[in-house]
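This is what each chain is made of:
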Amino acid sequence: RKRQEPLMVQPNSEGRPRRSRPRRSEEQAPLVETHLSTASDIILDGLSGSMNYDEASEDDDGDEAEERSRSLSPNTESTRPASASSTKSTTECLPLGSPSAEGSSIEVDNLEEFVLRPAPRGVTVKCRISRDKKGMDRGLYPTYFMHLEREDGKKVFLLAGRKRKKSKTSNYLISVDATDLSREGESFIGKLRSNLMGTKFTVYDNGTNPSKTPGALLEETNTRQELAAICYETNVLGFKGPRKMTVIIPGMNMNFERVPVRPACEQESLLSKWQNHSLENQIELHNKAPVWNDDTQSYVLNFHGRVTQASVKNFQIVHDNDPDYIVMQFGRVAEDIFTLDFNYPMCALQAFAIGLSSFDSKLACE
């Protein structure tokens, strides 16, 4: 009964994937521009690399199932290699391309490197988040696990996260070892921290906090990086209904590498720069607004079968200049199981932390 409430975000079962159409507008730079390439787009499970969804499709479920079961033909004209920072930025936009993947299979040779590396261009990295509430205190402090879903049906462990118990604000430790979730452990890879209100979150890697070592001459490479910031806002319906999300991630350089963001003080943080409308070398993303469906009397988004249950936690992250390019999507498929898919320029650690924030946000309680 709870899942059928009209303020939940319902998956739209009528949509089917469509091939991306090149955008030729010179007035707006899309997140990932089109260009001619001799290499074919990589296609996984019938989804094109651009992960475009046609929400106006009128095909029935049978056609949708057939579409999922077969791969789309390679598209040589619509690779999406580049992205631009927000139009609010006063600096010249850098292309956010990524080297094309050579094969459709995703190999995890070095786990620490993989979770920090942006997704290959043209490949949708499909993952699953499971929430473990079993145990003495896991009702209050559940453990979350992220697994990569391979094409052969096997799952590959990527990350684990759990909220720290003795912390004034929500503080999640993230590890590449499912059995070691300690701050001092060798597997500690990053953390997610919220403000007191539980509405703004920052994602860090495992570097050193400069404020805890004042005056120390730390090597720059040891100072922690900010990988993302997430802001939740209430909507016109207050705490009920779909939330508004803003995600800020570092920009990419001409070599398709993430621009390091190592703030020495609070004024240099991703959140502070965003609040001051200083978006140089930053990418501002937003959740795609769900559409109200009069027939079902609910908000709907087209997740193309990857989300099956209604939830206020169901969301898609896009850039304002290219809303058809889904940078990340997250949604419920069972009581404690969620799918998480992401594309370039996002990496697994960023996507996992954004998913964790949706569980913890005071505007996301469900």
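Worth saying up front: this structure is predicted, and the values here are computed from it rather than measured.

Draft legend 1. Structural detail: the side chain of His-319. Inspection of the secondary structure puts His-319 in the loop between strand E17 (315–318) and strand E18 (328–334). A distance of 3.0 Å separates a polar atom in the side chain of His-319 from the backbone nitrogen of Asn-321.

Draft legend 2. Quick peek at the pairing of strand E6 (residues 125–132). In terms of burial, E6 is a largely internal element, six of the eight residues being buried. One ladder, built from six bridges, connects E6 with strand E19 (residues 337–342); its direction is antiparallel. Along E19, the bridge assignment pairs Cys-127 with Leu-340. Where E6 lies against strand E7 (residues 143–149), six bridges are found, and the strand directions are antiparallel.

Draft legend 3. Up close: the nonpolar core. With 50 residues, the main nonpolar core has Ile-129, Met-146, Leu-159, Ile-230, Met-328 and Phe-342 as its most contacted residues. Ranked by residue count, the leading element in this core is helix H4 (residues 348–360), at eight residues. Apart from residues lying up to four places away in sequence, Met-328 is in contact with Phe-315, Gln-316, Ile-317, Leu-340, Asp-341, Phe-342, Met-346, Ala-351, Ile-354 and Gly-355.

Draft legend 4. The environment of Leu-271, seen in detail. Positionally, Leu-271 belongs in helix H3 (residues 270–275). As for Leu-271 and Thr-202, which are separated by 69 residues in sequence, their C-alpha atoms are 7.9 Å apart. Once residues within four sequence positions are removed from consideration, Leu-271 is found in contact with Lys-200, Phe-201, Thr-202, Ala-229 and Cys-231.

Draft legend 5. Just the sheet that holds strand E9 (residues 171–175), in detail. Here we have twelve strands rolled up into a closed barrel, ordered E6-E7-E8-E9-E10-E11-E12-E13-E14-E17-E18-E19, and antiparallel in their pairing. Averaged over neighbouring strand pairs, the angle between their axes works out to 20° when direction is ignored. For E9 and strand E10 (residues 188–194), the ladder comprises five bridges, and the chain directions are antiparallel. Looking at the pairing, Tyr-172 lines up with Leu-192 of E10. Contacting E6, E7, strand E8 (155–163), E9, E10, strand E11 (200–205), strand E12 (226–233), strand E13 (244–250), E17, E18 and E19, H4 crosses the sheet at an angle of about 30° to E12.

Draft legend 6. Broad picture of the environment of Asn-314. Within the secondary structure, Asn-314 is located in the loop between strand E16 (298–301) and E17. In this structure Asn-314 comes out as buried when scored by relative accessible area, which is 3%. A sequence separation of 305 residues divides Asn-314 from Val-9, and the C-alpha atoms of the two residues are 6.1 Å apart. When near neighbours in sequence (up to four residues on either side) are disregarded, Asn-314 contacts Val-9, Leu-301, Phe-303, Val-307, Gln-309, Phe-330, Gly-331 and Arg-332. Of the polar contacts made by the side chain of Asn-314, one reaches the backbone nitrogen of Arg-332; its length is 2.9 Å.

Draft legend 7. Examining H4 more closely. With 13 residues, H4 should cover 18 Å at 1.5 Å per step; its first-to-last C-alpha distance of 19 Å lies within 8% of that length. The buried fraction of H4 is high, at 13 of 13 residues.

Draft legend 8. Region of interest: the environment of Gly-355. Here Gly-355 shows up in helix H4. Separated by 27 residues in sequence, Gly-355 and Met-328 have C-alpha atoms that sit 9.8 Å apart. Residue contacts for Gly-355: discarding those within four places in its chain leaves Met-328 and Phe-330.

Draft legend 9. Representation of the pattern of salt bridges in the model. Scanning the model with the defined rule gives eight salt bridges in all. Lys-133 is paired through a salt bridge with Asp-336; the nearest N and O atoms lie 3.9 Å apart. Here the residue Lys-133 occupies a position in the loop between E6 and E7, and Asp-336 occupies one in the loop between E18 and E19, the gap between them amounting to 203 residues. A salt bridge links Arg-306 to Glu-149; its shortest N-O distance comes to 2.9 Å.

Draft legend 10. Just unusual backbone geometry, in detail. Put simply, Tyr-344 and Pro-345 share a cis peptide bond, and its omega is 10°. Along the polypeptide, Pro-345 turns up in the loop between E19 and H4. In this structure, Asn-281 is a non-glycine residue whose phi angle is positive, near 60°. Relative to the assigned elements, Asn-281 resides in the loop between H3 and strand E14 (282–287). Here Asn-281 falls in the partly exposed class, since its relative accessible area comes to 34%.

Calculation criteria
- Sequence order as written defines residue numbering, which begins from 1 separately in each chain.
- The predicted origin of the model limits local features to residues at a pLDDT of at least 70 and limits the giving and counting of side-chain atom pairs to 80 or more, whereas totals for whole chains, interfaces and linings rest on all residues.
- In computing side-chain properties, one takes all heavy atoms of the structure into account and sets aside hydrogens as well as water.
- To qualify as a helix, a DSSP run of H or I must reach at least 4 residues; to qualify as a strand, a run of E must reach at least 2; elements of each kind are numbered from the N terminus.
- Any pair of N or O atoms that falls within 3.5 Å is considered a polar contact. Within protein, one atom must be able to donate a hydrogen and the other to accept it, and sequence-neighbouring residues count only if both atoms are side-chain atoms.
- Categorising residues by exposure relies on relative accessible area from a 1.4 Å probe, with only protein chains included: less than 20% of the type maximum marks a residue as buried, more than 50% marks it as exposed, and the intermediate range marks it as partly exposed.
- In this scheme, strands are said to pair when DSSP sees at least two bridges between them.
- By convention a nonpolar core is built from buried Ala, Val, Leu, Ile, Met, Phe, Trp, Tyr and Cys residues, the set being connected through side-chain atoms within 4.5 Å.
- By the convention used here, residues are in contact when the closest approach between their heavy atoms is within 4.5 Å.
- For helices, the axis comes from a line fit to the C-alpha atoms of the stretch in contact; other axes are also lines fit to C-alpha atoms, and the angle between any two N-to-C directions lies between 0 and 180 degrees.
- Each residue after the first adds 1.5 Å to the expected span of a helix.
- The rule for a salt bridge is simple: a side-chain nitrogen of Lys or Arg has to be within 4 Å of a carboxyl oxygen of Asp or Glu.

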